[in-house]
Amino acid sequence: MTDSSKAEHKTTVIDIPEAVGVFDSFTDLQAAFYDLRMVGFSRYDISLLARDEVLKEKLGNAYWRASELEDDPKAPRAAFVSEEAIGELEGGIAGGFFFLGSYIAMAAMLTPLSTLAASIAAIAIGGTPAAVIGTLLARRVGAQHKDYYTNQIEHGGILLWVRVADKEREDLAVKILKGHSGRDVHVHGWSE
């Protein structure tokens with residue numbers, strides 16, 4: 001009896017060349033990403049190696065090195081997320097929890113019988129524990145983001161792929177990747 005309900009993982013290879021480079025620091029990677037965007041590359045044409053959990057799911061528990069995956073069409077991809085975006089997310093989480101706690105306390109205390117001082121105290125007391133919870137969750141998001149890049153560097157570097165439509169874009173992408181300390185920068189003739 002076969003289990004036909006399990007989906008087969010298929011890799012679709014598109015005949016578009018990609019420039020690929022390996023980075024040893026997030027700062028260099030981010031600078032390369034910004035320069036690629038500045039000269040007109042779409043964020044959809046730029047990808048990174050997926051998180052470790054996705055790699056294990058797709059490739060198994062085998063130990064991997066960046067050099068083994070840079071030209072592998074089965075290497076799972078992820079979008080680039082900047083430090084600024086993570087900072088905004090952290091701020092949104094912390095602020096949202098503070099607002100929620102303050103709102104609940106305010107709704108409970110703003111009755112005709114409560115005084116202004118009691119209402120302000122309730123808002124501050126209700127918002128503070130929620131803000132602490134929000135801050136802890138926000139720090140966890142930031143830590144996971146840093147752990148992602150640390151893990152990539154421990155496995156040989158952070159992989160960055162850039163789809164290039166023609167020779168001119170190919171040369172431009174290679175120049176930018178090399179200009180920001182990308183190593184083993186080259187072009188292969190496919191993209192996922």
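Everything numeric in this text was worked out from a predicted model, so none of it was measured. (Residues numbered from 1 in each chain as written. Predicted model: local features only at pLDDT ≥ 70, side-chain atom pairs only at ≥ 80, totals over all residues. Heavy atoms only, no water.)

Asks: I'd like a rundown of the sheet that holds strand β3 (residues 77-78), residues and numbers included.
Replies: A sheet is described by the order of its strands in space; here five strands give the open sequence β3-β2-β4-β1-β5, paired in antiparallel fashion. At either end of the open sheet lies a strand with only one pairing partner, and these are β3 and β5 (183-188). One ladder, built from three bridges, connects strand β2 (residues 46-49) with strand β4 (residues 158-163); its direction is antiparallel. Residue pairing for β4: Ser 47 is matched across the bridge by Trp 161. Against the sheet, helix α6 (residues 167-179) makes contact with β1 (18-23), β4 and β5, and its axis sits at roughly 0° relative to β1, the strand it touches most. (Pairing = 2+ DSSP bridges. Helix = DSSP H or I, 4+ residues; strand = E, 2+ residues; numbered from the N terminus. Contact = heavy atoms within 4.5 Å. Axes fitted to C-alpha atoms, helices over the stretch in contact; angles between N-to-C directions.)

Asks: Give a description of the side chain of Glu 170 that names residues and reports values.
Replies: Its location among the elements puts Glu 170 in helix α6. Leave out the neighbours within four places in its chain, and Glu 170 touches Pro 17, Val 164 and Val 187.

Asks: Talk me through α6; I want residue IDs and the actual numbers.
Replies: What sets the pattern is the α-helix's 3.6 residues per turn: residues three or four places apart point alike. The terminal C-alpha atoms of α6 lie 18 Å apart, and with 13 residues this matches the ideal 18 Å at 1.5 Å per residue to within 8%. Along α6, the positions that sit buried rather than exposed are Glu 170, Ala 173, Val 174, Ile 176 and Leu 177. Angular distribution of buried residues about the axis of α6 spans 165°; they occupy a single face of the element. Projecting away from the buried face of α6 at angles above 90 degrees are the exposed residues Lys 167, Glu 168, Lys 175, Lys 178 and Gly 179. Looking at the packing, one finds that the buried side of α6 touches β1, α1 (26-38), β4 and β5. (Expected span 1.5 Å × (residues − 1). Buried < 20%, exposed > 50% of the residue type's maximum accessible area, 1.4 Å probe, protein only. Arc of directions from axis to C-beta.)

Asks: Please give an account of the packing of aromatic side chains that cites residues and values.
Replies: Under the criterion given, the structure shown has three aromatic pairs. Ring centres 4.7 Å apart and planes at 75° place the aromatic pair Tyr 148 and Tyr 149 in the edge-to-face group. Considered together, Tyr 148 and Tyr 149 belong to a single accessibility category, that of buried residues. The ring centre of Phe 41 lies 3.9 Å from the NZ or CZ of Arg 169, which sits over that ring. (Phe/Tyr/Trp six-rings, centres within 6.5 Å; stacked < 30°, edge-to-face > 60°. Lys NZ or Arg CZ within 6 Å of the ring centre and 35° of its normal.)

Asks: Please give an account of the pattern of salt bridges that cites residues and values.
Replies: Tallied over the full model, the rule gives five salt bridges. Across the pair Glu 170 and Lys 167 runs a salt bridge whose closest N-O atoms are separated by 3.6 Å. Linking Glu 170 with Lys 167, this pair stays in helix α6, spanning three residues, or about one helical turn. We note a salt bridge from Asp 171 to Lys 167, for which the minimum N-O separation is 3.2 Å. Here the residue Asp 171 and the residue Lys 167 both occupy positions in helix α6, the gap between them amounting to four residues, near one helical turn. (Salt bridge = Lys/Arg side-chain N within 4 Å of Asp/Glu carboxyl O.)

Asks: Give me the nonpolar core: which residues, what numbers.
Replies: In this structure, Leu 29, Leu 36, Leu 48, Tyr 149, Leu 160, Val 162 and Leu 177 are the most contacted members of the largest nonpolar core, which totals 22 residues. If you list the elements that add at least two residues to this core, you get β1, α1, β2, α5 (116-154), β4 and α6. If one sorts the elements of this core by residue count, α1 sits on top with five residues. Residue contacts for Leu 160: discarding those within four places in its chain leaves Ala 19, Val 20, Gly 21, Phe 23, Leu 29, Leu 36, Ile 46, Ser 47, Leu 48 and Leu 177. (Core = buried A, V, L, I, M, F, W, Y, C linked by side-chain atoms within 4.5 Å.)

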